[in-house]
Amino acid sequence: MPRIAILPEHLANRIAAGEVIQRPASAVKELIENSLDAGATSVAVQIRDGGTSFLQVADNGSGMDEEDAILSFQRHATSKITSDQDLEAIVTFGFRGEALASMASVARVTLLTRRAEDAAGVVVRIDGGGEPKVSHEARDVGTTVTVQNLFFNVPARKKFLKSHATEFRHVHEVLVRAALGHPERSFSFSSDGEVIFRLAPGTVADRVRDLFGERQLGSLLELEETLGPITLRGFVGKPSFGQRNRSAQYLFLNRRPIQSRSISYAVQKAYEHLLQEAMFPFFVLFLEIDPHRVDVNVHPSKLEAKFEDEPSVYRFINAAVRRSLSSLDHIPSLTASGTGDTVALAFTRRQHEWTDTSVGGVLNVDRATGEILQGAEVAGRLLAGAGPLDGETPSGTMAPVWQLHRRYLLTPIEQGLLVADQHVVHERILYEQIVRRMAGGERVSQQLLFPLTLELPADDLSLLREMEQVLVRMGFDFKFFGGNTVVVEGLPPEAAGANQERILEDVLALYRDFSVQTASERVDTVAKSLACRSAVKSGDVLSETEMRRLIADLAACSMPYACPHGRPVVLRISLEELDRRFSRR
Ligand code: ADP
Ligand code: MG
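The model shown is predicted, which means the values in this text are computed figures rather than measured ones. As a convention, each chain's residues are numbered from 1 in the sequence order in which they are written. Just so you know, chain letters begin at A and ligand numbers begin at 1, following the order they were written in. Reporting in this predicted model follows two pLDDT cut-offs: at least 70 for local features of residues, and 80 or more for side-chain atom pairs to be given and counted; totals over whole chains, interfaces and linings ignore these cut-offs and use all residues. With hydrogens and water stripped out, all remaining heavy atoms of the structure feed into the side-chain values.

Brief notes about the overall build of the protein
A run of DSSP states H or I qualifies as a helix once it reaches four residues; a run of E qualifies as a strand once it reaches two. Both are numbered from the N-terminal end. Per the secondary structure count, the protein includes 20 helices and 22 strands. Looking at the protein as a whole, 51% of its 585 residues qualify as buried. A separation threshold of at least 6 residues defines the contact pool for the protein, and within that pool the share at least 24 residues apart is 71%. Note on areas: Shrake-Rupley, 1.4 Å probe, and residue coverage restricted to the protein chains presented here. About 26900 Å² of surface is accessible on the protein, with carbon and sulfur atoms providing 51% of the total. Each residue is assigned to one of three classes by its accessible area relative to the maximum for its type, calculated with a 1.4 Å probe on protein chains only: buried under 20%, partly exposed between the two thresholds, exposed over 50%. Whether two residues are in contact is decided by their heavy atoms: any pair within 4.5 Å suffices.

Structural notes on the environment of Leu461
Looking at where Leu461 falls in the secondary structure, it is placed in helix α16 (residues 458-474). Its relative accessible area of 8% is what places Leu461 among the buried residues. Spatially, the C-alpha atom of Leu461 lies 6.9 Å from that of Asn484, the residues being 23 residues apart in sequence.

So, the packing of aromatic side chains
Ring pairs are drawn from Phe, Tyr and Trp, using the six-membered ring of Trp, whenever the two centres fall within 6.5 Å, and their geometry is named by plane angle: stacked under 30 degrees, edge-to-face over 60, tilted for the rest. Applying the stated criterion across every chain, the model contains eight aromatic pairs. Seen from their ring centres, Phe189 and Phe197 are 5.8 Å apart, and the 55° between their planes marks the pair as tilted. For the pair shown, Phe189 and Phe197 are each scored as buried. Aromatic ring contacts, followed pair by pair, group Phe168, Phe189 and Phe197 into a single cluster. By definition, being over a ring means that NZ of Lys or CZ of Arg is both within 6 Å of the ring centre and within 35 degrees of the ring normal. Above the ring of Phe54, the side-chain terminus of Arg48 is found at 4.0 Å from the ring centroid. The positively charged end of Arg108 is found above the aromatic ring belonging to Phe152, 4.0 Å away from the centroid.

Here we look at the sheet that holds strand β2 (residues 54-59)
Any two strands between which DSSP finds at least two bridges are classified as paired. Strand order in this open sheet of eight strands is β5-β4-β3-β6-β2-β1-β7-β8, and the pairing throughout is mixed. In the strand order of this sheet, the two ends are held by β5 (133-137) and β8 (194-199), each with one partner. Strand-to-strand, the axes of this sheet are offset by a mean angle of 10°, without reference to chain direction. Direction of pairing for strand β1 (residues 42-48) relative to strand β7 (residues 186-191): parallel, over a ladder of six bridges. Considered in β7, the bridge of Ser42 is made with Ser186. For every element, the axis is a line fit to its C-alpha atoms; helices are fit only across the contacting stretch, and the angle between N-to-C directions ranges from 0 to 180 degrees. Sitting on the sheet, helix α7 (residues 164-181) is in contact with β1, β7 and β8, with an inclination near 170° to β7.

Observations regarding the sheet that holds strand β22 (residues 570-574)
The strands that make up a sheet are held in pairs by hydrogen bonds between backbone atoms, and each pair lies either parallel or antiparallel. The strand order β16-β17-β18-β22 describes an open sheet built from four strands, whose pairing is antiparallel. Edge positions in the sheet fall to β16 (402-404) and β22, since each of these pairs with one other strand and no more. Geometrically, the sheet is characterised by an average inter-axis angle of 25° between neighbouring strands, direction not taken into account. Here five bridges tie strand β18 (residues 416-421) to β22, and the two strands are oriented antiparallel to one another. Across the sheet, Gly416 pairs through a bridge with Ser574, a residue of β22. The strands that helix α15 (residues 422-439) touches are β16, β17 (408-413) and β18; relative to β18, the one it contacts most, it runs at about 75°. Across the sheet, helix α19 (residues 544-555) lies against β16, β17 and β22, angled at about 70° from β17, the strand it touches most.

Section: the site of ligand 1
Proximity is defined per residue: if any heavy atom of the residue lies within 4 Å of a molecule or strand, that residue is considered near it. Ligand 1 sits among 18 residues. The nearest are Asn34, Thr78, Ser79, Lys80 and Gly97. In the model, an oxygen atom of ligand 1 is placed 2.8 Å from a nitrogen or oxygen of the Asn34 side chain. Polar contacts here mean pairs of N or O atoms no more than 3.5 Å apart (in protein, one a potential hydrogen donor and the other a potential acceptor; neighbouring residues in sequence count only if both atoms are side-chain atoms). Here a nitrogen atom of ligand 1 sits 3.3 Å away from a polar atom, N or O, in the side chain of Thr143. Alone, ligand 1 offers 530 Å² of accessible surface; in the complex the protein occludes 93% of this. Broken down by class, the residue content of the shell around ligand 1 amounts to six nonpolar, eight polar and four charged. All residues other than Ala, Val, Leu, Ile, Met, Phe, Trp, Tyr, Cys, Pro, Asp, Glu, Lys and Arg, Gly among them, are scored as polar; the first ten of these are nonpolar and the last four charged.

Examining the nonpolar core
Here, nonpolar core means buried Ala, Val, Leu, Ile, Met, Phe, Trp, Tyr and Cys residues that are tied together by side-chain atoms lying within 4.5 Å of each other. Ranked by size, the top nonpolar core spans 57 residues in total, and within it Ile32, Val45, Val147, Leu175 and Phe187 carry the most contacts. Take this core: its biggest share by element is seven residues, from α7. What fixes the domain bounds is an automatic or database domain assignment. Residue-level mapping places this core at the junction of two domains, with at least three residues from each of domain 1 (9-203) and domain 2 (219-325). Those residues in contact with Phe187 that sit more than four places away from it in its chain are Ile32, Leu36, Val43, Leu175, Ala178, Ala179, His182, Phe197, Arg198, Leu199 and Arg207. Within the second largest apolar cluster, 34 residues are counted, among which are Leu463, Met474, Val507 and Val526.

Examining the packing of helix α2 (residues 24-37) against helix α5 (residues 99-106)
Contact geometry of α2 with α5 gives a least axis separation of 10 Å together with a crossing angle of 140°. Looking at the two axes, α2 sits oblique to α5. The handedness of the crossing between α2 and α5 is left-handed. Packed against α2, whose contacting residues are Ala27, Glu30, Leu31 and Asn34, the element α5 presents Ala99, Leu100 and Met103 at the interface. The residue makeup of the contact of α2 with α5, split by class, is five nonpolar, one polar and one charged. Any angle that is under 35 degrees is reported as roughly parallel, and any over 145 degrees as roughly antiparallel; angles of 65 to 115 degrees are reported as roughly perpendicular and all others as oblique. When the near helix sits turned anticlockwise from the far one by under a right angle, the crossing is termed left-handed; a clockwise turn instead gives a right-handed crossing.

A few points about helix α11 (residues 310-325)
Take the number of residues in a helix, subtract one, and multiply by 1.5 Å to get its expected span. For α11, which comprises 16 residues, the first-to-last C-alpha distance of 22 Å matches the rise-based estimate of 22 Å (1.5 Å per residue) to within 8%. Taken together, the buried positions of α11 are occupied by Val313, Phe316, Ile317, Asn318, Ala319, Ala320, Val321, Arg322, Arg323, Ser324 and Leu325.

A closer look at the pairing of β8
The side chains of a regular strand alternate between both faces of the sheet. Note that β7 and β8 share five bridges and pair antiparallel. Along β8, the bridge assignment pairs Phe189 with Phe197. In sequence, β7 turns back onto β8 through a hairpin of two residues, with Asp192 there showing a positive phi of about 50°.

A few points about the pattern of salt bridges
Every case where a carboxyl oxygen of Asp or Glu lies within 4 Å of a side-chain nitrogen of Lys or Arg is listed as a salt bridge. Using the criterion set out here, one finds 27 salt bridges in the structure. Across the pair Glu544 and Arg548 runs a salt bridge, and its minimum N-O distance is 2.8 Å. With Glu544 and Arg548 both in helix α19, this residue pair falls four residues apart, about one helical turn. Connected through shared salt-bridge partners, Arg115, Glu117 and Asp118 make up one network.

Digging into unusual backbone geometry
Excluding glycine, residues mostly carry a negative phi; peptide bonds, for their part, are mostly trans. Phi angles above zero are rare outside glycine, and Asp49 is one such case at about 50°. In this fold, Asp49 is placed in the loop between β1 and β2. Of note in this structure, Asn254 is not a glycine but carries a positive phi near 45°. Its location among the elements puts Asn254 in the loop between β11 (249-253) and β12 (256-257). Exposure remark for Asn254: the relative accessible area of 26% places this residue in the partly exposed category.

Here you go:
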């Protein structure tokens with residue numbers, strides 16, 4: 001066994017480089033962060049060959065004097081933290097003091113920098129971890145770092161680089177994230193002599209438009225929510241503009257681009273039932289949290305973060321996005337462009353995994369914690385201008401409700417017409433009611449005046465035994481007698497309007513259908529089955545009071561836009577749309 005020896009500095013740097021600098025894009029990321037930390041208002045990035053042969057970041061930040069310029073290449077050389085306390089609350093992008101040292105150990109790096117108070121700029125050049133060579137050159141205030149031939153002295157690393165096109169895409173992604181995170185600063189990016197973008201300072205919306213286009217901006221909902229020390233602001237995509245993959249999801253924690261499975265999932269979950277299968281929401285979200293409550297030092301390239309109270313961050317984000325999605329404007333509406341039907345179809349037809357935990361998360365919320373406002377708020381928005389819909393209110397002040405072909409309900413709303421599918425509406429209402437009741441641990445059963453005696457086939461009987469607990473919790477009351485006989489003595493209140501003699505068997509049959517198609521939870525699947533079998537059907541004649549009740553109850557649902565199976569519940573036809581169709585404008 002050889003004696004223990006401390007690694008020489010250049011070797012330690014090269015090892016650190018393995019973590020910090022994986023490819024040209026990571027070098028660009030570190031350099032941009034340095035520019036931002038130096039207070040630059042303008043950052044210019046140029047690359048060649050995907051950054052493998054040449055990459056350069058120039059800024060108009062503070063610059064450095066000669067001493068600092070030389071020091072900056074030393075490992076653990078940083079001007080950003082000096083004490084333990086500083087590490088507890090990081091407010092700069094860099095702090096580990098290893099980016100420049102790492103780069104210089106695996107490439108040919110040139111730094112040109114000048115402060116306002118110095119007459120000339122200083123040039124520091126380091127080749128693959130050698131001694132720094134210092135000279136002087138003219139420059140405006142700011143810093144330019146050039147990195148050439150990345151990994152020229154680490155062939156094993158170099159082999160792992162992908163094609164120039166792929167490396168370009170990674171660099172581009174870094175630029176997009178930095179530019180989104182700092183819309184108040186200008187960025188330019190060119191590759192192989194071609195300008196990819198030049199971004200003028202502006203708002204987040206301007207930046208989104210400049211990077212992704214006007215159409216993309218138009219497909220977004222703006223949101224801003226604060227809960228105690230946490231603020232979330234930014235844009236989330238309307239559900240009808242789902243993306244085919246997750247790449248268009250931009251998350252910033254205190255302006256630092258981060259990746260967080262948990263937060264992305266919190267956002268994704270808010271779209272449940274609203275997005276087609278295998279579609280993902282676009283979002284640009286800025287999370288601001290007191291830096292004492294997060295640790296960004298959990299990953300060498302600082303892409304991940306640990307939150308002090310991750311579950312409440314999750315809940316907050318989920319609720320904020322849900323609330324924003326429950327605004328009226330994205331209820332599917334018919335538009336003249338011919339996309340109207342696609343919008344309606346954007347509701348997925350798949351069987352949803354609407355588990356009781358996901359509903360419980362929304363329905364059992366405490367108003368004080370800032371979680372979603374239920375019912376009243378949604379109702380207000382959904383039915384704005386419709387007039388009271390409660391059957392109890394004296395008529396004359398009420399908006400009319402019509403039934404169309406015993407299947408659809410029509411009612412005027414502010415600026416348009418609401419069309420609802422009566423079966424689907426009722427199904428949604430009952431489903432939420434059942435899940436809420438069960439999540440609250442409440443068991444309600446309505447006793448039958450005349451118990452029903454059923455003779456069940458053996459497979460139903462065994463399914464019934466298997467499901468006994470869930471069904472009983474839901475409000476079914478039944479006993480097994482000898483043989484195939486089951487006596488039903490009570491039913492859940494939702495089954496009041498259903499065909500009571502058949503409901504248990506219907507629910508079992510539907511449960512069987514659903515459960516082969518989905519991986520969702522049993523309780524959820526039974527709730528869906530019960531809701532579906534108990535809801536009014538297409539073809540049922542409804543009284544005016546019943547129709548009003550349905551629409552008012554729907555408005556109080558937490559997710560009024562899609563039935564438990566994902567079918568659309570309501571469509572909105574705007575006055576504007578009608579005007580267009582009648583050539584009024
Ligand atoms: P860190 O950013 O973690 O401090 P780096 O190795 O990236 O470590 O940079 C080392 C130091 O060099 C920084 O702390 C900063 O003082 C200085 N520096 C690096 N880049 C710039 C720049 N573009 N403008 C001004 N100072 C810089
Ligand atoms: Mg840095």
